[in-house]
Amino acid sequence: MSEVRIQPASQTLVPGKTARIPIRIVLDEPLKVRGLHATFHGAEETTATVTTYNAATKSTQTHTVVEHVDIVKTEYLLSGRERQGFFSNVADAFATLLGGGEHDVLDPGEYTFEIELTVPADARPSFEGGKCRVFYELSVIVDIPLARDMKALESFQVRGPSTDADRPAPAPVRTRFPDDQERGLLDSWFGPEIRGEAALSRDAFVAGETIEGILLLETPEPLEHRGINVRLISVESSTAQGHTAAHTHESEAMPITPAGTIDDRFSQQFRLPVSLPGPATSNGERFTIDCFVQVEIDVPWAKDPKLRIPVTLHEA
């Protein structure tokens, strides 16, 4: 069976360094080939859902818009002729049909090529989110006249800084509720009157570490609750073609105190293992990913108060 094979020694690329990637073309019969092309493409991709209203049909339509911001895009000509436009390809197809055309005939067997991939030194790490992603892909196309092109695609991972020396120094962090976080209309109507403060020993963590913190709460009158939980969340905010999108990833909630009553003042220390709920903290041209420790107070028959402490989360 004829096929294209991309055979990297590793699917991980290092920013600022060059990797050699072998490519093999395996043919089981003679093949007419215009050219053999490869493209290394790294980009941030954002998506948004758009709903439009058609007044004529009185109906709504929902579709997804996509936007790319290139990080790296390198074209390679491995063999044959450069890519041609649509009309040039049609003309060449007719010429091929009549016994002419510009192409080489490859005999059955294996053909080996090698290309060099270089990721920019400041390239953003790759990740897959709900509304945005950063990807790095190598595509190979064998341009065949009068037939479907042979294609192959390989995805690569690019990691962020892996040592503490490459990252900003962590610092203690504290957040008050509702002073640092706006108390909206629904909170005023349906949420209990409560004030809170949370503090963490530091604001940056790597997956596998443990967050140490303390929670302080005050209420003007006794407040019954069904438990207080803490979890990690990762919030994507992005734009695509001028439209905004958001998506929240949540880890499993960890109880830090059982059901009870908060009478005047309450304090509780907690330890939360770090397991990334989604993408790590990141910033791009069209997206941001912010991570938080979220404290949730389960209040019966009321809107549950939530307190978010901003943190920076790194992959291991």
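Bear in mind the structure is a predicted one, so any value in this text is a computation, not a measurement.

Undergrad: Mind laying out the sheet that holds strand 8 (residues 109-118), listing which residues take part and the relevant values?
TA: Within a sheet, each strand pairs with its neighbour through backbone hydrogen bonds, oriented either parallel or antiparallel. What the three strands build is an open sheet, ordered 1-3-8; its pairing is antiparallel. Strand pairing shows two members of the sheet lacking a second neighbour, strand 1 (3-6) and strand 8, which therefore form its edges. Taken over all neighbouring pairs, the strand axes of this sheet differ in orientation by 20 degrees on average, direction set aside. Pairing of strand 1 with strand 3 (residues 18-27), which is carried by four bridges, proceeds in the antiparallel orientation. Counted as the bridge partner of R5 is R24 from strand 3.

Undergrad: Summarise the side chain of S234; cite the residues concerned and give the values.
TA: Here S234 lies in strand 17 (residues 228-240). Here P279 takes part through its backbone oxygen, which lies 2.8 Å from a polar atom of the side chain of S234. Ignoring sequence-local partners within four residues, the contact set of S234 consists of H247, T248, H249, P277, G278, P279, I289, D290 and C291.

Undergrad: Got a sec to walk through the sheet that holds strand 15 (residues 210-218)? Specific residues and values, please.
TA: Strand order in the open sheet formed by four strands is 12-13-15-21, with antiparallel pairing between adjacent strands. Each edge of the open sheet carries a strand with a single partner, namely strand 12 (173-177) and strand 21 (265-273). Strand-to-strand twist across the sheet, computed as the mean angle between neighbouring axes with direction ignored, equals 15 degrees. Looking at chain direction, strand 12 and strand 13 (residues 195-200) are connected through five bridges and run antiparallel. When the sheet's bridge partners are listed, R174 is paired in strand 13 with A199.

Undergrad: Residue-level account of the packing of aromatic side chains, with values.
TA: The final tally for this structure, using the stated rule, is one aromatic pair. In this structure, R308 packs its charged tip against the face of F292, placed 5.5 Å from the ring centre.

Each value, and the rule that gives it
- Residues numbered from 1 in each chain as written.
- Predicted model: local features only at pLDDT ≥ 70, side-chain atom pairs only at ≥ 80, totals over all residues.
- Heavy atoms only, no water.
- Pairing = 2+ DSSP bridges.
- Helix = DSSP H or I, 4+ residues; strand = E, 2+ residues; numbered from the N terminus.
- Axes fitted to C-alpha atoms, helices over the stretch in contact; angles between N-to-C directions.
- Polar contact = N/O pair within 3.5 Å; in protein donor to acceptor, adjacent residues only side chain to side chain.
- Contact = heavy atoms within 4.5 Å.
- Phe/Tyr/Trp six-rings, centres within 6.5 Å; stacked < 30°, edge-to-face > 60°.
- Lys NZ or Arg CZ within 6 Å of the ring centre and 35° of its normal.

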